[in-house]
Amino acid sequence: KQEVTQIPAALSVPEGENLVLNCSFTDSAIYNLQWFRQDPGKGLTSLLLIQSSQREQTSGRLNASLDKSSGRSTLYIAASQPGDSATYLCAGPNNNDMRFGAGTRLTVKP
Amino acid sequence: GAVVSQHPSWVICKSGTSVKIECRSLDFQATTMFWYRQFPKQSLMLMATSNEGSKATYEQGVEKDKFLINHASLTLSTLTVTSAHPEDSSFYICSAREGLAEQYFGPGTRLTVT
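All residue numbers refer to position in the chain's written sequence, counted from 1. To read the labels, note that chains go from A and ligands from 1, taken in the order they are written. Local features in a predicted model are, by the rule used here, given only for residues with pLDDT of at least 70; side-chain atom pairs are given and counted only at 80 or more, and totals for whole chains, interfaces and linings are based on all residues. By convention in this description, side-chain values take in all heavy atoms of the structure and omit both hydrogens and water.

Just to check I follow, could you spell out the side chain of B:D88 for this structure?
Residue and element names in this part refer to chain B. Topologically, D88 is positioned in the loop between β8 (76–81) and β9 (90–97). The buried label goes to any residue with under 20% of its type's maximum accessible area, the exposed label to any with over 50%, and the partly exposed label to all in between, with areas taken from a 1.4 Å probe on protein chains only. Taking relative accessible area as the criterion, D88 reaches 5% and is therefore assigned buried. Here, two residues are considered to be in contact whenever any of their heavy atoms come within 4.5 Å of each other. Those residues within four positions of D88 in sequence are excluded, and the remaining contacts are K66, F67, V81, S83, L111 and V113. Here a strand is any run of E in DSSP of at least two residues, a helix any run of H or I of at least four, and the numbering for each starts at the N terminus.

Got a minute to help me understand unusual backbone geometry in this structure?
Phi is mostly negative for residues that are not glycine, and the peptide bonds are mostly trans. Of the consecutive residues A:I7 and A:P8, the connecting peptide bond is found in the cis state with omega at -5°. Non-glycine residue B:K41 carries a positive phi angle of around 60°. Here B:K41 shows up in the loop between β4 (32–38) and β5 (45–51). At B:S83, a residue that is not glycine, the phi angle is positive and equals roughly 45°. Assignment of secondary structure puts B:S83 in the loop between β8 and β9.

Teacher, can you tell me more about the nonpolar core here?
One broad rule of soluble globular proteins: the nonpolar side chains tend to lie buried together. Membership of the largest hydrophobic core comes to 24 residues, with the highest contact counts inside it found for B:W35, B:F67, B:L79, B:Y92 and B:L111. If you list the elements that add at least two residues to this core, you get β2 (10–13), β3 (19–25), β4, β5, β7 (67–73), β8, β9 and β11 (109–113) of chain B. Setting aside chain neighbours within four positions, we find B:L79 in contact with B:V19, B:K20, B:I21, B:W35, B:F67, B:L68, B:I69 and B:Y92. One finds A:V4, A:L19, A:C23 and A:A86 within the second-largest nonpolar core, a separate group that totals 21 residues. We call a set of buried residues a nonpolar core when its members are Ala, Val, Leu, Ile, Met, Phe, Trp, Tyr or Cys and they connect through side-chain atoms within 4.5 Å of each other.

What is the right way to read the interface of chain A and chain B from this model?
Where the parts come together, the accessible area they lose is often given as the size of the interface. Listed by partner, the interface residues are 18 residues for chain A and 18 residues for chain B. The term buried area means the drop in 1.4 Å probe accessible area that two parts suffer when joined, counted for both and summed. In this assembly, chain A packs against chain B so that about 1,400 Å² is buried in total across both faces, 50% of it on carbon and sulfur atoms. Where B:E59 meets A:R99, a salt bridge forms, and the shortest distance between an N and an O atom there is 3.0 Å. Breaking the side of chain A that touches chain B down by element, the ones donating at least two residues are β4 (32–38), β5 (44–51) and β10 (97–100) of chain A. It is β10(A) that provides the largest number of residues to the side of chain A that touches chain B, a total of four residues. Nonpolar residues are Ala, Val, Leu, Ile, Met, Phe, Trp, Tyr, Cys and Pro. Charged residues are Asp, Glu, Lys and Arg, and all others, Gly as well, are polar. The residue inventory of the side of chain A that touches chain B, partitioned by class, reads eight nonpolar, seven polar and three charged. One speaks of a salt bridge when a side-chain nitrogen belonging to Lys or Arg is within 4 Å of a carboxyl oxygen belonging to Asp or Glu.

Structure, rendered in structure tokens:
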């Protein structure tokens with residue numbers, strides 16, 4: 001069974017800072033890993049999907065990397081903005097479904 | 001990207017009543033649908049997986065007689081919370097997938113049981 005862990009649980013940074021969110025998973029035989037954003041009381045917004053054949057994916061100020069051998073993925077956010085404040089979830093496949101980490105609650109202070 | 005909708009977006013019901021939540025795939029055929037539950041400040045926990053035309057597979061600890069799932073068509077799945085209690089109050093999110101393609105998530109339904 002896939003177990004997904006995210007560190008840190010919460011992070012507060014000043015605006016403009018670059019930051020890294022960490023995700024680790026137990027089953028390295030994954031075919032993809034996905035990062036989501038969730039605003040309070042809202043659903044999930046998919047940010048980046050990394051296939052197992054890829055090492056990283058980029059979208060704007062976001063860059064996600066995947067290292068299957070170590071069971072880790074990182075989400076890098078460059079030049080953070082107050083609008084980036086949200087909970088960030090990573091999820092990996094578990095047989096037929098997806099397993100989520102507990103998330104990192106990010107606060108970017110103006 | 002593909003779109004998954006949920007209805008209603010929020011619902012309040014009295015303890016002991018039943019409430020139905022719909023999940024629809026708008027522009028693709030959802031051969032598999034998933035139902036997740038999220039309590040405040042916690043992550044999503046899978047409740048059950050359903051394949052179109054088949055009975056749902058429930059995760060350990062999820063009561064199948066309390067959370068009735070119907071996936072009768074390739075675009076619609078419903079979750080019925082029967083005899084709801086305040087502890088069932090949560091955020092319910094569905095997702096859908098066509099074959100082995102990417103999973104797409106609905107916007108969620110906030111259920112409050114009074």
